[in-house]
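Residues per chain are reported as follows:
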Amino acid sequence: MSLMSGERTFRLGVLGSGKGSNFVAIADACSAGTVPAEVAVVLSDVENALILERARERGLSARFIPPGKFRTKLDETAEAAYIAALREARVDLVVLAGFMRILKGEFLRTFAQRVVNIHPALLPSFPGLEAWKQALDYGVKVTGVTVHFVDQGIDTGPILAQQTVPVLAGDTPATLHARIQEAERALYPAAIAALARGDVKVQGRQTVWETPSSKLQAPNTR
Ligand code: GRF
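The structure displayed is predicted, hence computed values, not measured ones.

Draft legend 1. Quick peek at the overall build of the protein. Within the protein, the secondary structure is distributed over six helices and nine strands. Against the 2.2 N^0.38 benchmark of 17 Å for 222 residues, the protein shows a C-alpha radius of gyration of 17 Å, consistent with a compact globule. Within the span of the protein, comprising 222 residues, buried residues form 51% of the whole. Counting contacts in the protein only where the partners sit at least 6 residues apart, residues at least 24 apart contribute 64% of the total. For the protein, the accessible surface area stands at approximately 10,400 Å², while carbon and sulfur atoms represent 53% of it. Across the protein, 25 positive and 22 negative side-chain charges occur, with their mean positions spaced 1 Å apart.

Okay, here's the thing in structure tokens:
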């Protein structure tokens, strides 16, 4: 699969519920030209989420869209509103950056193989919530970060890139999470840059990076 959009700038739709540190890394890499893409729209299910403020500070289109009546997913009306907003913004790739809702059926059919997520562990270890805490509680010595396509499962889609992060003696959930987030801020822009350039092909569960000379190298991907 090539996600290149011809001459037109590759357009990102970013969805987030929280503070937006991944969004900031991605938006700033777009502005700096290290990611050949632009943020077309930022959407949040949380009205006062910092990610919206950070987007507006950068002059980007940012919208709160109410998630509807469920706690962990979008209801039908909300799902349709998210799809419409992303279509209206003509996005090539949907980037989940701390979006705390599970996306399902119609959304994933609409943006088939065009939704990516970042997970704070080395999948398939520690899927779900607070993965850094799961890793610490389990006692692993190495954890990390995974960028993956989103499919119908929870944190189960084809893996695009992974970066290891050591667990150090004396780590608390907070210190480990901070180290993981630092790795996220490098890995996510690198993976998005590769998708924007059309450097990645998906073959079943495998993703193949085709241009080893990409400017931004994603560690541990080839
Ligand atoms: C990230 O740490 C990511 O692993 C998870 O959600 C968090 C979002 O953080 N999917 P931020 O809003 O990007 O700061």
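Moving on, there is more to tell.
Draft legend 2. Spotlight on the pattern of salt bridges. As enumerated under the stated definition, the model contains nine salt bridges in all. Put simply, Arg58 and Glu57 hold a salt bridge, and the shortest N to O gap is 3.7 Å. For Arg58, a relative accessible area of 32% translates into the label partly exposed. What makes Glu57 exposed here is its relative accessible area of 59%. Note that Arg109 is salt-bridged to Glu106, the shortest N-O span being 3.3 Å. Within this pair, Arg109 and its partner Glu106 are both found in helix H4 (residues 105-110), separated by three residues, close to a single helical turn. What makes Arg109 exposed here is its relative accessible area of 56%. Here the salt bridges share partners, and the residues they tie into one network are Asp28, Glu57 and Arg58.

Draft legend 3. Layout of the packing of aromatic side chains. Enumeration over the complete set of coordinates arrives at three aromatic pairs. For the pair Tyr82 and Phe99, a centre-to-centre distance of 5.8 Å together with 55° between the ring planes defines the contact as tilted. Of this pair, Tyr82 sits in helix H3 (residues 76-88) while Phe99 is found in the loop between strand E4 (93-96) and H4, placing the two residues 17 residues apart along the sequence. The class for Phe99 is buried, based on a relative accessible area of 8%.

Draft legend 4. Inspection of the nonpolar core at higher detail. Ranked by size, the top nonpolar core spans 45 residues in total, and within it Leu12, Phe23, Val42, Val95 and Leu160 carry the most contacts. Residue contributions to this core peak at eleven residues, all from helix H6 (residues 173-197). Counting 22 residues, the second largest nonpolar core, distinct from the first, contains Leu15, Ala78, Val91 and Val115.

Draft legend 5. Local environment of the environment of Thr164. Among the structural elements, Thr164 can be located in strand E7 (residues 159-166). For Thr164, a relative accessible area of 40% corresponds to the partly exposed category. Sequence separation between Thr164 and Thr110 is 54 residues, and the spatial gap between their C-alpha atoms is 32 Å.

Draft legend 6. Main features of the side chain of Asp92. In this fold, Asp92 is placed in the loop between H3 and E4. With relative accessibility at 12%, the residue Asp92 sits in the buried group. Separated by 2.9 Å, the side chains of Asp92 and Arg8 make a polar contact. A polar atom in the side chain of Asp92 sits 2.7 Å from the backbone nitrogen of Arg11.

Basis of the calculations
Residues numbered from 1 in each chain as written. Predicted model: local features only at pLDDT ≥ 70, side-chain atom pairs only at ≥ 80, totals over all residues. Heavy atoms only, no water. Helix = DSSP H or I, 4+ residues; strand = E, 2+ residues; numbered from the N terminus. Rg over C-alpha atoms; globule rule 2.2 N^0.38 Å. Buried < 20%, exposed > 50% of the residue type's maximum accessible area, 1.4 Å probe, protein only. Contact = heavy atoms within 4.5 Å. Areas by Shrake-Rupley, 256 points an atom, 1.4 Å probe, with all protein chains shown as cover. Lys, Arg positive; Asp, Glu negative; His and termini not counted. Charge placed at Lys NZ, Arg CZ, Asp CG, Glu CD. Salt bridge = Lys/Arg side-chain N within 4 Å of Asp/Glu carboxyl O. Phe/Tyr/Trp six-rings, centres within 6.5 Å; stacked < 30°, edge-to-face > 60°. Core = buried A, V, L, I, M, F, W, Y, C linked by side-chain atoms within 4.5 Å. Polar contact = N/O pair within 3.5 Å; in protein donor to acceptor, adjacent residues only side chain to side chain.

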